[in-house]
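# Summary of the model geometry
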Amino acid sequence: MNQKTKSQIFISIFVTVLVAFGGGYLAGTHSFSFTQFDAEASERADMRAFWKVWDMLDQKYVSSTTTDPISSEVRMQGAIKGLVDSLGDPYTVFLTPEEKTNFDESITGLFDGIGMEVGIRDNMITVVAPLKNSPSEKAGLRSGDKIIKIDGVDSIKMSTDEAISLIRGPKGTVVVLEVAREGEAAPLKISVTRDTIVIPTIETEIKDDVFIIRLYSFGASATTEFKTALRQYVASQKSKLILDLRGNPGGYLDAAVDITSWFLPAGKPIVLEDFGTGQTQKIFRSKGYNVFDPKDKMIILIDQGSASASEIVAGALQEHGVAQLVGMQSFGKGSVQELVDITPTTALKVTIAQWLTPQGKSISDGGLVPNVEIKFDPELYREQDRDTQLEKALELLK
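First, a word on what this report is: a plain description of the structure on this page. (Residues numbered from 1 in each chain as written. Predicted model: local features only at pLDDT ≥ 70, side-chain atom pairs only at ≥ 80, totals over all residues. Heavy atoms only, no water.)

## Remarks on the pattern of salt bridges
- Taken as a whole and assessed by the stated rule, the structure comprises 16 salt bridges.
- Two residues, Lys81 and Glu99, come together in a salt bridge whose shortest N-O distance is 3.1 Å. In this pair, Lys81 sits in helix H4 (residues 72-85) while Glu99 sits in helix H5 (residues 97-108), placing the two residues 18 residues apart along the sequence.
- The partner of Asp195 in a salt bridge is Lys171, with the nearest N and O atoms 3.8 Å apart. With a gap of 24 residues between them, Asp195 in strand E10 (residues 195-198) and Lys171 in the loop between helix H7 (160-167) and strand E8 (174-180) connect regions that are remote in the sequence.
- Via salt bridges that share partners, Glu205, Lys207, Arg214, Asp244, Arg246 and Asp387 belong to a single interconnected network. (Salt bridge = Lys/Arg side-chain N within 4 Å of Asp/Glu carboxyl O. Helix = DSSP H or I, 4+ residues; strand = E, 2+ residues; numbered from the N terminus.)

Here is the structure:
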């Protein structure tokens, strides 16, 4: 496909965002059908025991630590939280009013905090990626850091939402994180000053004869800004492209599908949504924008901070032979959560499916393995401004 044809296709295609999920969060594509509580199910679960405990607490309980009464609403929220926690799924959580408020604010892309994505790895709160130019990045937090304590509070058994509620706070205040880092003999204490966080989206650069697109998140503006970046790539008349997804923790599902569609013919599978045994998989396919010339060369940079939507794009383009992956193994966040309002102030974030690559590999099962593995050297970058992973990608494209 020549440069003129690419440009013509660009002019005629419009990108529409339909469905959103943040770090695996999904909204708008499924609905829950609630039925009346089944008496037989109630007997199997022996709800009589639950209500007996409830009545005993009403009759007998006296707090050993406070004189303030504990409302029935707070007790019920605690009971629901315990029910959800019994599943052992770190991404299925009951959101209290405070946690739901924090979650709603994070989806808008503007909030006070330290600017990083966290997840669960090895049953510990783990930094997926600090956002570019965020307080967390400036303070020295890295992808893969395991958070042991938050302001002195043990975080080993916390859910991600519980940890986030402690980490976030008003602009100008300080949070102290104690982290375990690979290669360090002892935990590190890192103080971070909170600020208003604006999630970055995209940057472009031309280095030698290679066009570089750095995509930092799959936010609401990602599809539009990526289309603009690709238009710049076409206008540059370069035939070598690097898509940098390092430290990109994910965002909108449709942004991932739309962005991948610029590189694949119509109908090619991008990601499979698997609902479990006996359920029909849902296949998200390329919309066929496909302006990328097959003769052009492409490399995608990934690392342990590349998660969710990043893994969808990178996995699809790797398996379809469009791009090589260079860097380190990705985070492995391929489960899908739906947010269901329980009351006006609380919600349930529940895992409903997992993402599979076009060839059926679970993204959550260890993430994506790069074609060429190379570590990022932070000391070399700090002292000489040398990016070892980018240098390798440029070398491979020569």
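## Notes on the environment of Gly332
- Within the secondary structure, Gly332 is located in the loop between strand E17 (324-327) and strand E18 (335-341).
- For Gly332, a relative accessible area of 14% puts it in the buried group.
- When the C-alpha atoms of Gly332 and Gly367 are compared, they prove to be 3.6 Å apart, with 35 residues separating the residues in sequence. (Buried < 20%, exposed > 50% of the residue type's maximum accessible area, 1.4 Å probe, protein only.)

## Here's the deal with helix H9 (residues 253-261)
- With nine of nine residues buried, H9 is to be regarded as a mostly interior element.
- Within H9, the full set of buried residues consists of Leu253, Asp254, Ala255, Ala256, Val257, Asp258, Ile259, Thr260 and Ser261.

## Remarks on the environment of Gly152
- Tracing the backbone through its elements, the reader meets Gly152 in the loop between strand E6 (146-150) and strand E7 (153-154).
- Taking the C-alpha atoms as reference points, Gly152 and Leu177, 25 residues apart in sequence, are found 7.9 Å from one another.

## A look at the packing of H9 against helix H10 (residues 309-319)
- Where H9 contacts H10, the two axes come as close as 9 Å, and the packing angle between them is 25°. Taken together, the axis directions place H9 and H10 in an arrangement best described as roughly parallel. In this structure, H9 meets H10 at a crossing whose hand is right-handed. Across the interface between the two elements, Leu253, Ala256 and Thr260 from H9 touch Ala309, Ile312, Val313, Ala316 and Leu317 from H10.
- A breakdown of the residues in the contact of H9 with H10 according to their chemical character gives seven nonpolar, one polar and no charged. (Axes fitted to C-alpha atoms, helices over the stretch in contact; angles between N-to-C directions. Parallel < 35°, antiparallel > 145°, perpendicular 65-115°, else oblique. Left-handed = near helix turned anticlockwise from the far one by under 90°. Contact = heavy atoms within 4.5 Å. Nonpolar A, V, L, I, M, F, W, Y, C, P; charged D, E, K, R; others polar.)

## Quick notes on the sheet that holds strand E13 (residues 240-244)
- Read from one edge to the other, the open sheet built from six strands follows the order E11-E12-E13-E16-E17-E20, with strand pairing classed as mixed. Two strands close off the open sheet at either side, each with one partner strand: strand E11 (202-207) and strand E20 (372-373).
- In the sheet, E17 pairs with E20 via two bridges, with the strands oriented parallel. Note that in E20 the partner of Val326 across the bridge is Val372.
- The sheet strands contacting H10 are E13, strand E16 (297-302) and E17, and the helix crosses E16 at an angle near 140°. (Pairing = 2+ DSSP bridges.)

## Quick look at the nonpolar core
- Residues Phe263, Met298 and Ile300 are the most contacted members of the largest nonpolar core, which totals 47 residues.
- When residues of this core are assigned to their parent elements, the largest contribution, six residues, is made by H10.
- Those residues within four positions of Met298 in sequence are excluded, and the remaining contacts are Leu241, Leu243, Phe263, Phe292, Leu317, Val322, Ala323, Gln324 and Leu397.
- In this structure, Tyr91, Ala163, Val179 and Ile190 belong to the second largest nonpolar core, which totals 22 residues. (Core = buried A, V, L, I, M, F, W, Y, C linked by side-chain atoms within 4.5 Å.)

## A few points about the side chain of Glu99
- For Glu99, a relative accessible area of 8% gives the class buried.
- With residues up to four places along the chain from it excluded, the contact list for Glu99 reads Lys81, Phe94, Asp161 and Glu162.

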